[in-house]
Amino acid sequence: MDAIKIVGGVPLKGEITIGGAKNAALPLMAATLLTDKPLTLINMPELVDISTMSNLLRQHGARIDQSALAPGQGEAGATGRSMTLTSERITSVVAPYDLVRRMRASVLVLGPLLARMHEAKVSLPGGCAIGTRPVDLHLKALEALGAKIDVKGGYIHATAPGGLKGAKVVFPKVTVGGTENLLMAAALAAGETILENAAREPEIGNLAECLNAMGAQITGIGSGTLRITGVKELHGARVAVIPDRIETGTYAIAAAITRGKVVLKGTRFELLDSVFSAMRQAGVSIEPGPDSLTVSADNGLKGVDVMTEPYPGFPTDMQAQWMALMATADGASMITETIFENRFMHVPELTRFGADVNVHGASAIIRGRRNLSGAPVMATDLRASSSLILAGLAAEGETLVNRIYHLDRGYERLEEKLGACGARIERIVGG
């Protein structure tokens, strides 16, 4: 199993290009199941989760062609690869356990399969290291559109023999995946669907704009109320994946935690306003530019309290990275986690660096200190992995981060990007 070795204490200086957002790309890929025409996505990241979704879509009958973007081929700021997905004929409505268990986002094929084929049989995605993320909100919302749902033998079997019908759906709590599944399902449902208390993440907007480019009729994008007027069929489109705001935030904190200066290219300030606001309160300098950000910091950082909330609040996917930064700031700070009930598993590993962190229920108190020390640590999930990398960059001495397969799910060429800014970092194969 691979590991990452870091010799820390080096201020990062240089440029890092931000890739396309994994959490936007996955539902965009699932949208191919809604049409028999080609859907081309540009600025696609190269990640394990993208490969997993590709394999699942091929199992349903999709054909996937990939190529590198030629200079000037993509929209402003777009890099990475181009992917064209064509689901001319759906060969199977079954999403098997062996594929779905590898990635929770696989459940996003449920809505489009049900809308187009009037049937879907999708394995339950199972548990998660950072807490339960049940799909009951997805299922209740689809039932409101007329689907018949039977959960048996570890599979969700959904049918709609007469097709889905528009309805008003009020989510009892904000659900990103539920909003995405319902957007895709409602696009082909008869009549109007109104989604109340819908998730407002930029990735939701990316999906809605993609569906509109394919011929859907969706209004209210960016708000908590989405209106979808169903159409009989969708066509192909060419859509850019938005920049990855979590990758942006992670590398911004990398610059700050090492007290360096890094230019983040191909990203936008407004995608992560809540995090950048907290960073500025802590004393980090953030200068927006055209499709770029310049992040720098010195030793005058101070502790700042944050609470995770649905967008536009502070994202739960940045909580672990923020904790690493606060461990090096002056004074005390508190992090309150309101999204997932088990997302402090990185705390014992951060304390191995010498971080002073105490957990009390849903809150963690961090008392910052100037010097962390390198240590062998073990990653427990994707964002916890990045927090350990960040701590290792700041710590004096050598750090070995084990179980980094989590990182490859969400960060593309991490060692290369950090290494180009002066980090002493390398991947140890089979470590």
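This structure is a prediction, so every number in the text was calculated from the model and none was measured.

## Topic: the overall build of the chain
Tallying secondary structure elements over the chain gives 14 helices and 24 strands in all. Computed over the C-alpha atoms, the radius of gyration of the chain is 22 Å, within 12% of the 22 Å expected from 2.2 N^0.38 for a compact globule of 431 residues. Considering only C-alpha atoms, the chain reaches an extent of 65 × 50 × 40 Å along its principal axes. Looking at the chain residue by residue over its 431 residues, the buried ones come to 57%. In the chain, of all internal contacts separated by at least 6 residues, the share reaching a separation of at least 24 is 75%.

## Notes on the nonpolar core
Among the nonpolar cores identified, the biggest contains 78 residues, and L183 and L211 are the most heavily contacted of them. Those residues in contact with L211 that sit more than four places away from it in its chain are A31, L34, L183, M184, A216, I218 and L234. Counting residues in hydrophobic clusters, the runner-up holds 68 residues, among them I246, V306, A329 and I404.

## With respect to the environment of G368
Structurally, the position occupied by G368 is in the loop between β21 (363-367) and β22 (376-378). G368 gets classed as partly exposed once you look at its relative accessible area, which sits at 25%. Taking the C-alpha atoms as reference points, G368 and L325, 43 residues apart in sequence, are found 8.7 Å from one another.

## Details of the pairing of strand β23 (residues 398-402)
Side-chain alternation along β23 places T399 and V401 on a buried face and E398, L400 and N402 on a face that remains uncovered. Bridge count between strand β1 (residues 3-7) and β23: five bridges; the pairing is antiparallel. Within β23, the position partnered with I6 by the bridge is T399. As paired elements, β22 and β23 share three bridges and run parallel to each other.

## Here's the deal with the sheet that holds strand β6 (residues 94-95)
If you trace the four strands from one edge of the open sheet to the other, you get β6-β7-β9-β8, paired in mixed fashion. Lying at the two open borders of the sheet, with one neighbouring strand each, are β6 and β8 (148-152). Pairing of β6 with strand β7 (residues 119-123), which is carried by two bridges, proceeds in the parallel orientation. Bridging from a neighbouring strand, V94 pairs with K121 of β7.

## Considerations on the confidence of the model for the chain
In this model, the chain carries an average pLDDT of 93, and 95% of its residues clear a pLDDT of 70 or more. Every residue in residues 70-78 scores below 50 in pLDDT, and together they form twelve contacts with partners more than four places removed in sequence or on other chains. Below pLDDT 50 for its whole length, residues 127-132 participates in 16 contacts with residues either more than four positions away or in separate chains.

## Regarding the sheet that holds β1
If you trace the four strands from one edge of the open sheet to the other, you get β22-β23-β1-β24, paired in mixed fashion. The sheet is open, and its two borders are formed by β22 and β24 (424-428), each paired with just one other strand. Put simply, the sheet's adjacent strands are angled 20° from each other on average, direction ignored. Helix α12 (residues 382-394) contacts β1, β22 and β23 of the sheet and is inclined by roughly 25° relative to β1.

## Side note on the packing of aromatic side chains
Overall, the coordinates contain two aromatic pairs when judged by the stated rule. Where F314 meets W322, the ring centres are 5.8 Å apart and the plane angle is 70°; that geometry is what we call edge-to-face. The residues F314 and W322 share a single accessibility class, namely buried. The ring of Y155 is capped by K121, whose NZ or CZ atom sits 5.5 Å from the centre of that ring.

What counts and how
Residues numbered from 1 in each chain as written. Predicted model: local features only at pLDDT ≥ 70, side-chain atom pairs only at ≥ 80, totals over all residues. Heavy atoms only, no water. Helix = DSSP H or I, 4+ residues; strand = E, 2+ residues; numbered from the N terminus. Rg over C-alpha atoms; globule rule 2.2 N^0.38 Å. Buried < 20%, exposed > 50% of the residue type's maximum accessible area, 1.4 Å probe, protein only. Contact = heavy atoms within 4.5 Å. Core = buried A, V, L, I, M, F, W, Y, C linked by side-chain atoms within 4.5 Å. Pairing = 2+ DSSP bridges. pLDDT = per-residue confidence, 0-100. Axes fitted to C-alpha atoms, helices over the stretch in contact; angles between N-to-C directions. Phe/Tyr/Trp six-rings, centres within 6.5 Å; stacked < 30°, edge-to-face > 60°. Lys NZ or Arg CZ within 6 Å of the ring centre and 35° of its normal.

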